[in-house]
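Given next are the chains, with one letter for each unit.
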Amino acid sequence: MGIVVENVSKHFGSFQAVDQVDLEIKTGSLVALLGPSGSGKSTLLRLIAGLEMPDAGRILLTGRDATHESVQDRNIGFVFQHYALFKHLTVRKNIAFGLEIRKTPKNRVKARVEELLELVQMSGMGDRYPSQLSGGQRQRVALARSLAVEPKVLLLDEPFGALDAKVRKDLRAWLRRLHDEVHVTTVFVTHDQEEAMEVADEIVVMNKGRVEQIGTPAEIYDNPASAFVMSFIGPVNVLPSDSHIFQGNGFDSAHPNVFLRPQDVLVDTQPNGTTVPARVSRLIHLGWEIQAELTLDDGQVVTAHLTRDRYDELNLAPQQRVYVKPKEAKAFPLHYSI
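Caption draft 1: Region of interest: the overall build of the chain. What the chain contains, in helices and strands, is nine helices and 18 strands. Dimensions of the chain, computed from the C-alpha atoms along their principal axes, are close to 80 × 45 × 30 Å. Each of the 338 residues in the chain was classed as buried or not, and the buried ones make up 49%. In the chain, of all internal contacts separated by at least 6 residues, the share reaching a separation of at least 24 is 65%. Carbon and sulfur atoms provide 49% of the accessible area of the chain, an area that totals close to 16200 Å². With 38 positive and 42 negative side-chain charges, the chain shows a spacing of 8 Å between the two charge centroids.

This is how it looks when you write it as structure tokens:
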């Protein structure tokens, strides 16, 4: 097993940052720690790295107890959000830094640096300084520097958070390809659900210092373990169980909130006996799909996502009368509702 976290807790004064977390990360996997601000994901990453010490529990890395080991002894690569490159050193010198302080022979340093420059698609840029690079290029250099010492584990704290949307998307695809080449056990922190879904083999959803659910992107999205997970992963309508749209679906006061994905809202222009009336409040063109905001007769607003073909077939217009029903909805016990 690559990383094992056993009953780990961490306080900062009266604030419980990590609360009795158990987690196993397989060797060679790419795992996302996903959650809102304050959920404990970055603290957990720093505990694994040795940048923080747990108040309770232990951390095993590649089979050994590393709970009280120093950062240097853990053989971990750590990539920060804001690159943390040495501004006065060239790209080549930045990548070589960790090898040089370990007194690696010069010929091996040179060969490893050139290998990594090619791996991160920056051959020919080794003599540039960080100020001469774009944000995406700087982040690739930071990753190369972390990989130079051949770590057993690579940790990334919001690695693309400081970049614009287009660069972020390009780097996500690049990180996935890079991981498939090097196979180093990788854990990255993000609050971006799309980023986690696109890149990770497995997602660890965190909330208030605890793990809410662990699973593949498909498992997390299709079978959320709690109201929090369903509301945090992907768009969702949260409606009271007595809303008109759920008439006859068996929801009761034990399930005060019902969760309905926008793509699971079926829309038609004619009633069929199982639908309820609504009015088109707004239509938003998102390119590959249309988002329709619909107001039910009870005043509830429901968002529906329609394919372009379905939208063209319905020929919808603002203020048009339509008829809707849920294809699939989920409810959770009262103590799990948000």
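Caption draft 2: Quick look at the packing of aromatic side chains. Overall, the coordinates contain three aromatic pairs when judged by the stated rule. Aromatic side chains F86 and F97 sit 4.6 Å apart centroid to centroid with 50° between the ring planes, which places their arrangement in the tilted category. Remark: F97 occurs in helix α2 (residues 91-101) and F86 occurs in the loop between β6 (76-79) and α2; sequence separation between them is 11 residues. For F86, a relative accessible area of 28% gives the class partly exposed. Note on F97: relative accessible area 32%, which makes it partly exposed. Between F228 and F232, the aromatic rings sit 5.5 Å apart at their centres with planes inclined by 10°, giving stacked as the arrangement. With F228 and F232 both in helix α8 (residues 227-232), this residue pair falls four residues apart, about one helical turn. With respect to class, F228 is no different from F232; both count as buried. Stacked on the ring of W174, the Lys or Arg R140 has its end atom at 5.9 Å from the ring centre. Above the ring of Y221, the side-chain terminus of R261 is found at 4.2 Å from the ring centroid.

Caption draft 3: Representation of helix α3 (residues 106-119) in the model. Along its 14 residues, α3 runs 20 Å from first to last C-alpha, staying within 8% of the 20 Å computed at 1.5 Å per residue. Within α3, burial applies to V109, R112, V113, L116 and L117. Taken down its axis, α3 places every buried residue within 135° of arc, on the same side. In this structure, α3 carries N107, R108, K110 and E118 as exposed residues pointing more than 90 degrees from its buried face. The secondary structure elements touched by the buried residues of α3 are α2 and α4 (135-148). Immediately beyond the C-terminal end of α3, within one or two residues, lies Q121, with a positive phi of roughly 60°.

Caption draft 4: Focus on the sheet that holds strand β4 (residues 56-61). One open sheet accounts for four strands, arranged β2-β1-β4-β5; its pairing is antiparallel. Here the strands that pair on one side only, and so sit at the sheet edges, are β2 (15-25) and β5 (64-65). Relative to β4, strand β1 (residues 3-12) runs antiparallel, the two sharing five bridges. Bridge assignment links E6 to a residue of β4, and that residue is R58. Across the sheet, helix α1 (residues 41-49) is in contact with β1, β2 and β4; its angle to β1 comes to roughly 120°.

Caption draft 5: Layout of the environment of P217. With respect to the helices and strands, the residue P217 is situated in helix α7 (residues 217-222). Counting along the chain gives 13 residues from P217 to V204, while the straight-line C-alpha distance between them is 9.7 Å. Ignoring anything within four residues of it in the chain, the contact list for P217 reads A196, M197, A200, D201 and I203.

About the criteria used
- Residues numbered from 1 in each chain as written.
- Predicted model: local features only at pLDDT ≥ 70, side-chain atom pairs only at ≥ 80, totals over all residues.
- Heavy atoms only, no water.
- Helix = DSSP H or I, 4+ residues; strand = E, 2+ residues; numbered from the N terminus.
- Buried < 20%, exposed > 50% of the residue type's maximum accessible area, 1.4 Å probe, protein only.
- Contact = heavy atoms within 4.5 Å.
- Areas by Shrake-Rupley, 256 points an atom, 1.4 Å probe, with all protein chains shown as cover.
- Lys, Arg positive; Asp, Glu negative; His and termini not counted.
- Charge placed at Lys NZ, Arg CZ, Asp CG, Glu CD.
- Phe/Tyr/Trp six-rings, centres within 6.5 Å; stacked < 30°, edge-to-face > 60°.
- Lys NZ or Arg CZ within 6 Å of the ring centre and 35° of its normal.
- Expected span 1.5 Å × (residues − 1).
- Arc of directions from axis to C-beta.
- Pairing = 2+ DSSP bridges.
- Axes fitted to C-alpha atoms, helices over the stretch in contact; angles between N-to-C directions.

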